[in-house]
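# Descriptive analysis of the structure
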Amino acid sequence: MTATTEKKPPAHAAPRPKGIAALKPHTTTLMVVGGVLTLLGSFLPWATFVLNKGPYPAQATLQNFTAPLASSGFRLHLVLFGIAAIVVALVKRIPARHRIARALGYGTIAVSVINGLWITVEGGGLGAITASEGSVAFGAIVALIGGIVLALASRVGDLEPVPEIGWKFNRWVEWLILLVVIVLLLLLVAAVLTSGGFGATATYAGAVFLSFLAALGGFLGALHAAGLLGWVNALFDRHRGYAVILLLVAALCLPLTSAGTEYWMTVATNIGVYAATAIGLNIVVGLAGLLDLGYVAFLGIGAFVAANLSGAAASAVGIHLPFPLVMVIAAVIAGIFGAIVGSPTLRVRGDYLAIVTLAFGEIFVRSAQNNIGGLTGGSNAIPGIPPVEAFGIGFDQALRIGPVSLPRGVLYYFLIVLLVAFVMAVFANLKYSRLGRAWIAIREDEDAARAMGIRTGPVKILAFLIGAMLAGLAGAIFAHKTATVSYESFRFLESVTLLAAVVLGGMGTIPGAVLGASILFILPEKLREFADYRLLLFGIALVLIMRYRPQGLVPDAHRRAELVEEPEPIDTGGDKPTTREAVAP
Amino acid sequence: MSAPTTTSTVLAASGVTMQFGGLRALNDVSFSLNEGEIIGLIGPNGAGKTTLFNCLTGLYTPTSGTVSFRGEPLPGDPALVTETGVARTFQNIRLFPSMTAEENVLVGRHVRMKQSPLSSLLHGPGFRRSEREARERAAELLEFVGLRRVTDELARNLPYGDQRRLEIARALATEPSVLLLDEPTAGMNAAETENTRQLILKIRETGISVVVIEHDTKFIFTLCDRVLVLVQGELLVEGTPDEVRGDPRVVEAYLGAPPEQVEAQIHEAQEAEEAADHGAPGEKQLGGSS
Ligand SMILES: Nc1ncnc2c1ncn2[C@@H]1O[C@H](COP(=O)(O)OP(=O)(O)O)[C@@H](O)[C@H]1O
Ligand SMILES: [Mg+2]
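The rules we used
- Residues numbered from 1 in each chain as written.
- Chains lettered and ligands numbered in written order.
- Predicted model: local features only at pLDDT ≥ 70, side-chain atom pairs only at ≥ 80, totals over all residues.
- Heavy atoms only, no water.
- Pairing = 2+ DSSP bridges.
- Helix = DSSP H or I, 4+ residues; strand = E, 2+ residues; numbered from the N terminus.
- Axes fitted to C-alpha atoms, helices over the stretch in contact; angles between N-to-C directions.
- Contact = heavy atoms within 4.5 Å.
- Patch = residues over 30% accessible without salt bridge, like charges linked within 9 Å, V, L, I, M, F, W, Y side chains within 5 Å.
- Areas by Shrake-Rupley, 256 points an atom, 1.4 Å probe, with all protein chains shown as cover.
- Salt bridge = Lys/Arg side-chain N within 4 Å of Asp/Glu carboxyl O.
- Buried < 20%, exposed > 50% of the residue type's maximum accessible area, 1.4 Å probe, protein only.
- Donors = N, O, S within 2.8 Å, 3.2 Å for Na, K, Ca; no water.
- Domains from an automatic or database assignment.
- Buried area = accessible area lost by both parts, 1.4 Å probe.
- Phe/Tyr/Trp six-rings, centres within 6.5 Å; stacked < 30°, edge-to-face > 60°.
- Polar contact = N/O pair within 3.5 Å; in protein donor to acceptor, adjacent residues only side chain to side chain.
- Nonpolar A, V, L, I, M, F, W, Y, C, P; charged D, E, K, R; others polar.
- Expected span 1.5 Å × (residues − 1).
- Arc of directions from axis to C-beta.
- Core = buried A, V, L, I, M, F, W, Y, C linked by side-chain atoms within 4.5 Å.

The subject of this paragraph is the sheet that holds strand β3 (residues 38-42) of chain B. Residues and elements named next belong to chain B. Strand order in the open sheet formed by six strands is β6-β7-β8-β3-β9-β10, with mixed pairing between adjacent strands. Each of the sheet's edge strands pairs with one partner strand only, and the pair in question is β6 (86-88) and β10 (234-239). Recorded for the sheet is a direction-independent mean angle of 20° between the axes of neighbouring strands. As defined by bridge partners, strand β9 (residues 226-231) adjoins β10 across five bridges and the pair is classed as antiparallel. Bridging from a neighbouring strand, Val227 pairs with Gly239 of β10. Lying over the sheet, helix α1 (residues 49-56) contacts β3, β6, β7 (178-182), β8 (209-213) and β9, oriented at roughly 150° with respect to β7. Running at roughly 135° to β3, helix α7 (residues 190-205) makes contact with β3, β7 and β8 of the sheet.

Quick look at the structure:
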């Protein structure tokens, strides 16, 4: 890199400021310097004194600072970033070195800023991370500079395209690799869930969690830049059936990891409920392109139906049906309401439809609040819903299978994993069918879809109906798991959150909806100190996503295809005439 | 109304009038399309050509008049019209931009595929067979219009000329008896236009009757069996290309140019026709107006 750029002054770098461009021959040096600074930052103390809430995690406070090589937590992440940067700088055979350096640099910056800011705020000023009363701790500053230098190196160097790795092995080897990848994924999920802990003792849960996410982002970015994620993705595609089964098994194994406690099982079950609901919503919004602002009502309908048929003392109906039957009834009733809400799509489009769905969501919440027909318990909610029972085991019990003991709530977790798998299968199978193509065609151009013979009315109502049924199923499990169903769980904010999960993750994709739901429901769990700012942070995150990654975190393969390089502003077909001359009045 | 209204009439409009507020976009338009015929529809901008297509396909409901298909009145819903056997393309391309070329054609198969929602859900053997058949048919159609090589490209990434042909393939996928083409060569260069002309002739050979709107008179006169001239919503002249070409009313009202100039244009058209007879279709040039 350095050798070729020495001869001719880089003509295309003209618009860049002269000062930075002059660094171009020295990107390798910059990367080494950045890496060394990052390492150095991780070896320094980060906090000059013990904060009010106790010593900062990862033994980063001067007083209980451990030897550099015993670093843990975020300091360990920085050690890895630093070493990776130096290796990438020195081994010229690695493809896309600048791109990797950029990911490492951004990761380092994020980790330093998150921890540095946290200590500064908790410690009451910059003294906490620099020098105070004779003690010094410049860890945050040094690591931040290291990250900036790394990012700078990638900025002045030419950003290579993501390399395509074509490694192919014997089938068994590839299966083994997939197995390893999926086990790693499982451990990673467990680590993300548990990082920072919870409750009163975990005072820095938010910082640890965010820092962990940032580090993870940096590493995954580096792996992606090196082409490894793309390769793993291709492996998945090649052995789809096997990979799907492995993923399902891995999900069922989560209780065996560090996340196998009652608390995390509850969190994971809640995430599953919202993920299943988000996938259902993704049919309506992502595939058919119909904005639904009242979608959580279907989850609520499913939950209230289940509550009333559970034999709970507080329910008005007071009959107790077997749980599988309850699920079917909940899905059917939610589906009927879905079709009713969807029927205005025959007449109204776009924003008007959004308002109709918004109104429906509001009608549902108000009715539930006023205990309509005695079915919802009003502000008393419906408490005391008995747990699901099968083979004489209550689902709220802990489980012991031979030497393995599983925490309470694990059965609900299994149940929700199966539901999510089912919902995913429904989504995937429908997406690649005549019906799914009809939905996408309607999303793309409703008039053209009609001109292709698609009876748009029934097809759109079917989207609402199926989406609502899936939410109804999730609602039935939710009711039994939480044992209390209140209208407060199904307010407008929840609908917005679900919609945000779909948009954040990537419209029209399954991993997108799951990832979006996970992020949006773990974050509040972890960032309790920010409970008051939850919506603000939410909004900021969404604005940033829409600005820098409008296709979502896990975009649809089709949308990804057009974004092979950087997500520069895309010209969405502006090169063809857009006069809507042939539109119906 | 010289066309014989025998059993060979596929599509017929009678007395179609379309009123938009104070504007009468179509006034008492009647014509019939015979089996295997190619009709050209010409007229100045704003004459009502596209409006006529919209009335024929159920996108607009005519203020008065009727449209019939093989003697039966056509339903007033675009989806049902397509199911009955009348497919169309749009003047301003209306593909599904973030679907691939193949998927666009598969959407065209919608009315000819049988998949219940349940089989879509379960992906059973019947479903897989219908998907395979649809894909095979889509591949044939893409081959037919010369787009096989872009099967997996997103429609929005295709060059303009390819987009127009993909729209034709998508319309053909509905297995129409009648194909309505709204300015299929707009924005194309001479070679692409010639390709399209050949394509339309090939389509006719498969037994499909075609109505084509075009401004390029050369294109129309060398392609069509019959030409309709629409001016300010009125069907002014109808006849063979030769009759229409020579008609002074056409020269005056539509071409609006002194006769000598029109003569020149017509000569040009004839030359092109001769050239087309033994000239190989030119090298395709892509990306006309993008
Ligand atoms: N939906 C509509 N509402 C009002 N006026 C329309 C509508 N569609 C077409 N028109 C008018 O009808 C006339 C004929 O338009 P059109 O059929 O598009 O012409 P052409 O295709 O021959 O260029 C134009 O004056 C146009 O403005
Ligand atoms: Mg027109």
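The next subject is a nonpolar patch on the surface. Residues and elements named next belong to chain A. A contiguous nonpolar patch, built from Leu176, Leu179, Val180, Val183, Leu184 and Leu187 and spanning about 520 Å² of accessible area, is present on the exposed surface. Structurally, Leu179 is set in helix α7 (residues 171-194). Given the relative accessible area of 34%, Leu179 is considered partly exposed.

As a further point, take the coordination of the magnesium ion (ligand 2). All names here are of chain B. In the first shell of the magnesium ion (ligand 2), the protein supplies Thr50 (OG1) and Gln91 (OE1), at 2.0 to 2.1 Å from the metal. Of the two residues, Thr50 sits in helix α1 while Gln91 sits in the loop between β6 and α3 (101-108), which places them 41 residues apart along the sequence. As far as the burial class goes, Thr50 and Gln91 line up, both buried.

Residues and elements named next belong to chain A. Per the domain assignment, the segments of chain A are domain 1 (21-229) and domain 2 (260-509). Here the C-alpha centre of domain 2 lies 39 Å away from the C-alpha centre of domain 1. Each partner contributes to the interface: domain 1 provides four residues, whereas domain 2 provides four residues. Each partner contributes to the roughly 420 Å² buried at the junction of domain 1 and domain 2, and carbon and sulfur atoms together form 87% of this total. The largest share of the area that domain 1 buries against domain 2 comes from Leu193, Thr194 and Phe198, three residues that together contribute 96% of it.

Further remarks concern the environment of Phe323 of chain A. Residue and element names in this part refer to chain A. Note on placement: Phe323 falls in helix α13 (residues 323-342). For Phe323, a relative accessible area of 12% corresponds to the buried category. Counting along the chain gives 41 residues from Phe323 to Phe364, while the straight-line C-alpha distance between them is 24 Å. When sequence neighbours within four positions are dropped, the list of residues in contact with Phe323 reads Val388, Leu415, Ala476, Ile477 and His480.

Below, the discussion takes up the packing of aromatic side chains. Residue and element names in this part refer to chain A. If you walk through the whole model with that rule in mind, you get 19 aromatic pairs over all chains. Relative to Phe74, the ring of Trp46 lies with its centre 4.7 Å away and its plane at 75°, an arrangement referred to as edge-to-face. Of the two residues, Trp46 is situated in the loop between α3 (27-43) and α4 (73-90) and Phe74 in helix α4; the sequence distance between them amounts to 28 residues. For the pair Trp46 and Phe74, a shared accessibility class is recorded, and that class is buried. When the centroid spacing of 5.3 Å and the interplanar angle of 65° are considered together, the rings of Trp172 and Trp175 count as edge-to-face. Of this pair, Trp172 and Trp175 both sit in helix α7, three residues apart, roughly one helical turn. We classify Trp175 as partly exposed; its relative accessible area is 22%. Of the aromatic side chains, those joined through ring pairs into one cluster are Trp46, Tyr56, Phe74 and Tyr204.

A few words now on the pairing of β8 of chain B. Residues and elements named next belong to chain B. Counting buried positions along β8 yields five of five residues, so the element is predominantly enclosed. Neither face of β8 is left uncovered, since the one carrying Ser209, Val211 and Ile213 and the one carrying Val210 and Val212 both have all their residues buried. As judged from the four bridges shared by β3 and β8, these two strands associate in the parallel manner. Residue pairing in the sheet places Ile38 in a bridge with Val210 of β8. Relative to β8, β7 runs parallel, the two being bridged by five bridges.

Before going further, it helps to examine the sheet that holds strand β2 (residues 23-34) of chain B. All names here are of chain B. Read from one edge to the other, the open sheet built from four strands follows the order β2-β1-β4-β5, with strand pairing classed as antiparallel. Each edge of the sheet is formed by a strand with only one pairing partner; in this case those strands are β2 and β5 (72-73). Pairing analysis gives five bridges linking strand β1 (residues 9-20) to strand β4 (residues 64-69), with the strands arranged antiparallel. By the bridge assignment for β4, Ala12 is matched with Ser68. Packed on one face of the sheet, α1 meets β1, β2 and β4 and runs near 65° to β2.

Glancing now at the pairing of β3 of chain B. Residues and elements named next belong to chain B. For β3, the tally of buried residues reaches five of five residues, placing the bulk of the element in the interior. Here β3 pairs with β9 via four bridges, running parallel. The residue bridging Gly40 from the neighbouring strand is Val227, located in β9.

Right, let's talk about the domain arrangement of chain B for a bit. All names here are of chain B. As assigned here, chain B comprises domain 1 (9-85 + 176-245) and domain 2 (97-174). Relative placement of domain 1 and domain 2: their C-alpha centres are 25 Å apart. With 19 residues of domain 1 in contact, the opposing surface of domain 2 contributes 12 residues. Approximately 1300 Å² of surface area, both sides summed, lies buried where domain 1 meets domain 2, with 71% of it carried by carbon and sulfur atoms. Our count for the domain 1 to domain 2 interface comes out at zero salt bridges. At the surface where domain 1 touches domain 2, the tally comes to four residue pairs in polar contact (both at pLDDT 80 or more). Of all the secondary-structure elements, those providing two or more residues to the side of domain 1 that touches domain 2 are α2 (78-84), β7 and α7. Sorting elements by how many residues they give to the side of domain 1 that touches domain 2 places α7 first, with four residues. For the side of domain 1 that touches domain 2, the class distribution of residues is nine nonpolar, five polar and five charged.

Here the focus is helix α5 (residues 125-144) of chain B. Turn by turn, an α-helix covers 3.6 residues, leaving residues three or four places apart pointing in a common direction. The terminal C-alpha atoms of α5 of chain B, which comprises 20 residues, lie 28 Å apart, in line with the 28 Å expected from a rise of 1.5 Å per residue. Of the positions making up α5 of chain B, those classed as buried are Phe127, Ser130, Glu131, Ala134, Ala138, Leu141 and Leu142 of chain B. Each buried residue of α5 of chain B lies within a common arc of 105° when the element is viewed along its axis, so the set occupies one face. Tucked inside the fold, the buried residues of α5 of chain B contact α16 (434-444) of chain A together with α3, α4 (117-122) and α6 (160-172) of chain B. Just downstream of α5 of chain B, Gly146 of chain B is the residue with a positive phi angle, here 80°.

To continue, consider the side chain of Glu102 of chain B. Residues and elements named next belong to chain B. In this structure, Glu102 sits in helix α3. Judged by its relative accessible area of 15%, Glu102 is buried. One polar contact links Glu102 to Arg135, side chain to side chain, over a distance of 3.3 Å. If we skip the residues at most four places from it in the chain, Glu102 touches Arg135, Ala138, Leu142, Thr151 and Asp152.

A word on the nonpolar core. Ranked by size, the top nonpolar core spans 130 residues in total, and within it Leu254, Leu419, Trp439 and Phe490 of chain A carry the most contacts. Among the elements that make up this core, the one with the highest residue count is helix α11 (residues 262-287) of chain A (16 residues). Other than its neighbours up to four places away in sequence, Phe490 of chain A contacts Val296, Leu299, Gly300, Ala303, Phe304, Phe364, Val365, Phe478 and Val485 of chain A. Counting residues in hydrophobic clusters, the runner-up holds 44 residues, among them Leu141, Leu179, Ile208 and Val227 of chain B.

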